[in-house]
Amino acid sequence: MTAHTIAETEALPDAAPRVDSEVGPLRTVLLHRPGNELKRLTPRNNDQLLFDGVPWVGRAQEEHDAFAATLTSKGVEVLLLSDVLVQALEDNRARIAGVHSAVNERRLGIDLADALRSHLTSLPAPQLAQVLMTGMTFEELPAAEGASLVRKMHLPIDFAVDPLPNLLFTRDSSVWVGDRVAITSLALPARDRETTLTDLIYAYHPRFRRTGRAYGAHSAPLEGGDVLLLAPGVIAIGVGERTTPAGAESFARSALADGLAHTVLAVPIAQERATMHLDTVCTMVDRDAVVMYPAISDALTAYPLRSDGNGGVRVDGPVPFLEAAAEAMGIERLRVIDTGLDVVTAEREQWDDGNNTLAVAPGLVVAYERNVETNARLEDAGVEVLRIAGSELGSGRGGPRCMSCPIDRAPLV
């Protein structure tokens, strides 16, 4: 049975948040409203900072505000990353961690690094949070006594502290599994510091001080866009451009050992920009349904990982993904809704994040309005679509799921 409204269930104030599925009624979500970090993007650096264009920031903010309003209209509590970061930075331990991550002594040299640390440490929490997110150019550095070769040999517009425009995609730097949060390991240098900010939020914000951690190994790349909670106890992990086999295995071993999953499916995907994460080609839209890029639906395979009963892991496969997923979920089959009605439309709408939907409840999803054919096919299959604009938000190649980190979902009943 498909539900189109959120269950009227409220978490107790002191209840631990938890996420056991992709489609359980969404209670709380972490978003990041685009800020001045996007104004750092230019045609000179947008590729390096992982954007396909230079967004119109004002319009991106309007689109994001409408996205957040859509969620709140359905009873979802929206937390903004900038707000919780400021609150976490009131703790001096968080300030030390944030400043340490921002100052690259190997690049700046000891003297300039010391001066910058001193300056950042003196800033109030709101201003420090802005620097940690937006970055700082050499011309914005505080005045310092004495000559500096590092200053002289950099252009004024070069970054002394790199901006983090990809903070917009809160899905990638942390993943909730059950009542625990996993801080991931992002693959590309442009996103290195994102996990530091996420880590200090969960470590020092009063709301999360009792939250347990999952996935202790950060040595191999793993990104949240590759992690799908297909059902309670069943996790799929994409392995491709951003998540390596080692990252997937580390996460799987941790989830299995902690009892957070009984089956983890490692799913190889093409190592391409268009398919950077598993959720760019497949997301869940109902208890038993996914929206999927048709070009790969029949070819997608999986390596099931399960406990061997002796503290180790058994790895099987490869087997067809859809069959392995249905078996692990304990259902007869997983319904597949294709993006687009023809090859060209499917390719266009996959590029524009047609598969990257955010489930607000079973059978109720948020999607970009531009993916007209995909949205029509979702509705034909009984899935209600909440359409949002994304002409500027999509310039970083990410849809509603990429832009959201669910912190609490009601259990499926």
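Residues numbered from 1 in each chain as written. Predicted model: local features only at pLDDT ≥ 70, side-chain atom pairs only at ≥ 80, totals over all residues. Heavy atoms only, no water.

J.: Even after reading the chapter, I still don't get the nonpolar core, so can you show me in this structure?
T.: Looking at soluble globular proteins, one finds that nonpolar side chains tend to be buried together. In this structure, Leu89, Leu120, Tyr202, Ile235 and Phe251 are the most contacted members of the largest nonpolar core, which totals 63 residues. Per-element tally for this core: the top contributor is helix H6 (residues 125-134), with 6 residues. Of the domains in this structure, domain 1 (26-81 + 165-409) and domain 2 (84-161) are the two that each give at least three residues to this core. Setting aside anything within four residues of it in sequence, one finds Phe251 in contact with Val177, Ala182, Tyr215, Leu222, Val227, Ile235 and Ile237. Among the nonpolar cores identified, the runner-up in size contains 35 residues, and Ala289, Ile296, Ala302 and Leu334 belong to it. (Core = buried A, V, L, I, M, F, W, Y, C linked by side-chain atoms within 4.5 Å. Buried < 20%, exposed > 50% of the residue type's maximum accessible area, 1.4 Å probe, protein only. Helix = DSSP H or I, 4+ residues; strand = E, 2+ residues; numbered from the N terminus. Domains from an automatic or database assignment. Contact = heavy atoms within 4.5 Å.)

J.: What am I meant to see in unusual backbone geometry here?
T.: Glycine aside, negative phi is the norm for most residues, and most peptide bonds take the trans geometry. Cis geometry marks the peptide bond from Gly317 to Pro318, where omega comes out at 10°. With respect to the secondary-structure elements, Pro318 resides in the loop between strand E14 (313-315) and strand E15 (319-320).

J.: How do you make sense of the UniProt feature "active site" (unreviewed entry) in the protein chain when you look at a structure like this?
T.: The residues that UniProt annotates with the feature "active site" (unreviewed entry) are Cys402. Along the chain, the position of Cys402 falls in the loop between strand E19 (384-388) and strand E20 (405-409). With relative accessibility at 4%, the residue Cys402 sits in the buried group. Here Cys402 is in contact with Leu168, Phe169, Thr170, Arg171, Asp279 and Asn356, once residues within four sequence places are set aside. (UniProt positions renumbered as here; feature names shortened; annotations may be inferred.)

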